[in-house]
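Structure at a glance
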Amino acid sequence: MEKEGPEVTGVPRAEEQNPLTLNLPEPPDYLCHRIDEKITVDGRLDEACWQKAPWLGPFVDMENGTPVAHETRVAFLWDDEAFYTGFWCAEPDVFGSETERAGRVGADQDFEVFILGQGTYYELEINPLNTVYEVFWTWVQPLVEQRDLEGLDRLFRTRQAIYGRIGDDYEMRHGSFDWDFPGLQTAIYVDGSINWHRDRDRGWSGELVFPWEGWADLARGQRSIPPDEGDAWRIGCSRVEHGRDAEGEVAWGRDWSIAQHGKIQMHVPHRWPRVIFSRQVVGE
């Protein structure tokens, strides 16, 4: 008999949160299990817990939901210390060039994770060279309406930021580059060569560790950290795929995601899956 999942709290399904979903299929829910073993963060995904975890995938074309050329899958786990993300990107030609933190990681092949908080969300991008790009996003209008002068002052004091103008998909959102996820750990493993287009690779995988101490700015005192049984957080993942021609030059690019978004845009949180936390140990 299939075990019942936890009662879900914290995040409604997409059609309840935003009715303007263009009649797209509902993003999937994901039941995130606990682990009772330590993960060696090396990108290889060879621990037993990753083998037992349910995997989301394959990814689809972000705009139209059609199948894509190479398999992409992602899984999530957690314990009292951290939230863990593992991903696999099948890829015959692994390449990347950006080595500067917060550089143009999205111009390479990359994998992305978005975590929706309370009036905030976090964006991480990582390429096969293990180069990280992070942005902490805040909706500005609620701060204005609440006359939260301290919160607004904090945003305006940001040294490096981007801002969504009216008409942008992330309008009225402030993106801070000053904020780094506390205690973040990342590792990439390439099954093949990297930046050598004359052979055929199998792909690349990664492990990402997000300690719970870093979720405080997302939760803003309104969510349990670590989560309680049945708590749900909306978490989206995407893959930016670039292909090269026979001479090794980048020839095309496309965005793939867990669920169809209806357009090439990750900044639409109601299209991200709900990750539902369970205290059941994975595999039991």
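Further up the page is the structure itself.
My aim in this report is to walk through the structure given alongside it, one point at a time.

Applying the stated criterion across every chain yields a total of 12 salt bridges. Two residues, Asp-80 and Arg-34, come together in a salt bridge whose shortest N-O distance is 3.0 Å. Of this pair, Asp-80 sits in the loop between β3 (72-78) and β4 (82-90) while Arg-34 sits in strand β1 (residues 29-34), and the two are 46 residues apart along the sequence. When its relative accessible area of 43% is taken as the criterion, Asp-80 is described as partly exposed. By relative accessible area, which is 13% here, Arg-34 ends up buried.

This part covers the environment of Gln-118. Within the secondary structure, Gln-118 is located in the loop between β5 (110-116) and β6 (120-126). The class for Gln-118 is partly exposed, based on a relative accessible area of 22%. With 86 residues separating them along the chain, Gln-118 and Cys-32 place their C-alpha atoms 20 Å apart.

One pair of aromatic rings is described through two measures. These are the centre distance and the angle between the planes. With the rule as written, the count across this model stands at 27 aromatic pairs. The interplanar angle of 55 degrees and the centroid separation of 6.3 Å between the aromatic rings of Phe-83 and Trp-212 together place this pair among those described as tilted. You can see Phe-83 sitting in strand β4 and its partner Trp-212 sitting in the loop between β11 (203-211) and α5 (216-219), a full 129 residues away along the chain. The exposure classification of Phe-83 matches that of Trp-212, with both residues buried. The cationic tip of Arg-34 hangs over the ring face of Trp-78; the distance from NZ or CZ to the ring centre is 5.0 Å. Across from the ring centre of Trp-233, 4.3 Å away, lies the NZ or CZ of Arg-223, which sits over that ring.

Conventions and cut-offs
- Residues numbered from 1 in each chain as written.
- Predicted model: local features only at pLDDT ≥ 70, side-chain atom pairs only at ≥ 80, totals over all residues.
- Heavy atoms only, no water.
- Salt bridge = Lys/Arg side-chain N within 4 Å of Asp/Glu carboxyl O.
- Helix = DSSP H or I, 4+ residues; strand = E, 2+ residues; numbered from the N terminus.
- Buried < 20%, exposed > 50% of the residue type's maximum accessible area, 1.4 Å probe, protein only.
- Phe/Tyr/Trp six-rings, centres within 6.5 Å; stacked < 30°, edge-to-face > 60°.
- Lys NZ or Arg CZ within 6 Å of the ring centre and 35° of its normal.

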